[in-house]
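Observations on the three-dimensional arrangement
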Amino acid sequence: MDPVLARIPAAARAETMEGAAAYAAFYLRQLNEASKAGDPTLLDGLAMASCPMCATFYNSVSSLQAERQHHVGDALKVTDFEPLSFVDGKRTALVRVKLYAVPIVDAAGRQVDTTEADSGAFVATLAYEGRWYISRLQVAK
């Protein structure tokens, strides 16, 4: 089995509106895991190269790794997700999140920074090519 597909929950695999929304929520939860591990490879294969915000997230986790830092806990929690559109070529979902103030520590466990607390939402545009990919992620206004 494809190692990326193996990490994707069953609910986020179906080519349905609900599957698309569940995949978008899964992607953001994986961002937490990558940040806590300081390991950007946990995001590999989940988004298309055409997604600028996804690249920003990947680069942020890569910076944590380069500095030998990581988040102490989950910086975001998916509070709700819902499908918005499911027409050929445009499949979108709204993912609401709560952001937490989480310590960022170095390899010795010393706190070097803290993430910011907030709440918000993302609009995820998804593509299905045998499985879901994030093709674009935008902050919802």
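You'll find the structure just up there.
Below is a short write-up of the structure. Please read these numbers as outputs of a predicted model, since none were measured by experiment. (Residues numbered from 1 in each chain as written. Predicted model: local features only at pLDDT ≥ 70, side-chain atom pairs only at ≥ 80, totals over all residues. Heavy atoms only, no water.)

What follows is about the layout of surface pockets. By volume, the largest pocket amounts to about 420 Å³. At the level of elements, helix H2 (17–37), helix H3 (52–66), strand S3 (90–99) and strand S6 (118–128) are the ones that each hand at least two residues to the lining of the largest pocket. Tallied by class, residues from the lining of the largest pocket come to twelve nonpolar, seven polar and one charged. (1 Å grid on protein atoms, 1.4 Å probe; cavity = no way out; pocket = protein on both sides within 12 Å on 5 of 7 lines; lining within 4 Å. Points joined across faces, edges and corners; volume = space filled by probe spheres on them. Helix = DSSP H or I, 4+ residues; strand = E, 2+ residues; numbered from the N terminus. Nonpolar A, V, L, I, M, F, W, Y, C, P; charged D, E, K, R; others polar.)

Phi at Arg68 is positive, roughly 55°, even though this residue is not glycine. With respect to the helices, strands and loops of the structure, Arg68 is situated in the loop between H3 and strand S1 (70–71).

With that settled, consider the side chain of Thr92. Topologically, Thr92 is positioned in strand S3. Once residues within four sequence positions are removed from consideration, Thr92 is found in contact with Pro83, Leu84, Ser85, Val123, Ala124, Thr125 and Leu126. (Contact = heavy atoms within 4.5 Å.)

Compared with an ideal rise of 1.5 Å per residue, which puts 15 residues at 21 Å, H3 spans 21 Å between its outermost C-alpha atoms and is within 8% of the ideal. Those residues of H3 not exposed but buried are Cys54, Phe57, Val61 and Leu64. When H3 is viewed along its axis, its buried side chains cluster within an angular range of 80° and face the same direction. Exposed positions of H3 whose direction lies more than 90 degrees from the buried face are Pro52, Thr56 and Ala66. Where the residues of H3 are buried, they touch H2, S1, strand S4 (103–105), S6 and strand S7 (132–139). (Expected span 1.5 Å × (residues − 1). Buried < 20%, exposed > 50% of the residue type's maximum accessible area, 1.4 Å probe, protein only. Arc of directions from axis to C-beta.)

This paragraph deals with the environment of Leu99. Structurally, Leu99 can be placed in strand S3. Sequence separation of Leu99 and Glu116 is 17 residues, and the distance between their C-alpha atoms is 6.9 Å. Every residue in contact with Leu99, bar those within four places of it in the chain, is listed here: Ala75, Leu76, Glu116, Ala117, Asp118 and Ser119.

Overall, antiparallel pairing links the three strands, which are arranged S1-S4-S5 in an open sheet. One side of each edge strand has no neighbouring strand; the edge strands of this open sheet are S1 and strand S5 (111–114). By the bridge criterion, three bridges tie S4 to S5 in an arrangement that is antiparallel. Each bridged residue has a counterpart across the sheet, and for Ile104 the counterpart in S5 is Asp113. (Pairing = 2+ DSSP bridges.)

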